[in-house]
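# Observations on chain architecture
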Amino acid sequence: MKKAIFPGSFDPITNGHFDIINRGISLFDEVIVAIGINAEKKYMFSLEDRKRFIEDAFKDEPKVKVITYEGLTIDLCHKANAQFILRGLRNPADFEFEKAIAHTNRLLSKIETVFLLTASKTSFISSSIVRDVIRNGGDYTVLVPDSVKLK
């Protein structure tokens, strides 16, 4: 069984994340969306909300599992028996950053990282842009799955 971990903070999940997960489903038997917990980071959405947004977006897809975790992603991979880390790349800066992490992960664990290029229609979207649109009262709904709802 081929399992991939798709790690991130997902604050909130965007249409770009949604696209990468959907495309990952065709490559892997299971995609585990792993929401990292970083006590040093200030989040707009609670951990519970972020998890619910993703679970609701994939409620009809049994190949997607959503979990939370702390620590190294490679340790989570071992714990979950996942052989791959799934990452999306929007631009050359993402590639340079992710390449260094992928090389380190492979050196430390033999876990392979699979990169998917974001679709051109979502390549400009980031969670920080979505948060900025929300803070300023803009229409964020065109940037995120329908499951992302403000209270």
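Summarised in this report is the structure supplied together with it. None of the values given here were measured: they were computed from a predicted structure.

Rules of the game
Residues numbered from 1 in each chain as written. Predicted model: local features only at pLDDT ≥ 70, side-chain atom pairs only at ≥ 80, totals over all residues. Heavy atoms only, no water. Helix = DSSP H or I, 4+ residues; strand = E, 2+ residues; numbered from the N terminus. Rg over C-alpha atoms; globule rule 2.2 N^0.38 Å. Buried < 20%, exposed > 50% of the residue type's maximum accessible area, 1.4 Å probe, protein only. Contact = heavy atoms within 4.5 Å. Areas by Shrake-Rupley, 256 points an atom, 1.4 Å probe, with all protein chains shown as cover. Pairing = 2+ DSSP bridges. Axes fitted to C-alpha atoms, helices over the stretch in contact; angles between N-to-C directions.

## What about the overall build of the protein?
Within the protein one finds five helices and five strands. Starting at the N terminus and ending at the C terminus, the protein contains elements arranged as β-α-β-α-β-α-β-α-β-α. A compact globule built from 151 residues would reach a C-alpha radius of gyration of about 15 Å, and the protein, at 15 Å, matches this within 12%. Dimensions of the protein along its principal axes, counting C-alpha atoms only, are 45 × 35 × 30 Å. A buried classification covers 46% of the 151 residues belonging to the protein. In the protein, of all internal contacts separated by at least 6 residues, the share reaching a separation of at least 24 is 77%. Accessible area for the protein stands at about 8400 Å²; split by element, carbon and sulfur atoms hold 54% of it.

## Some details on the pairing of strand β5 (residues 112–117)
The sheet contact formed by strand β4 (residues 84–89) and β5 spans six bridges and is parallel. Its bridge partner being in β5, Leu-86 is matched across the sheet by Val-114.

## Side note on the sheet that holds strand β2 (residues 30–36)
Pairing is parallel in the open sheet, where five strands are placed in the order β3-β2-β1-β4-β5. Two strands bound the open sheet, and with one partner strand each, they are β3 (64–69) and β5. Going from strand to strand, the sheet's axes swing by 30° on average, the running direction of each strand aside. Against the sheet, helix α1 (residues 15–25) touches β1 (3–8), β2, β3, β4 and β5, its axis set at about 120° to β5. Across the face of the sheet, helix α3 (residues 73–80) comes into contact with β1, β2, β3 and β4 while running at roughly 145° to β1.

Scope: geometric values only; no functional claims are made or implied.
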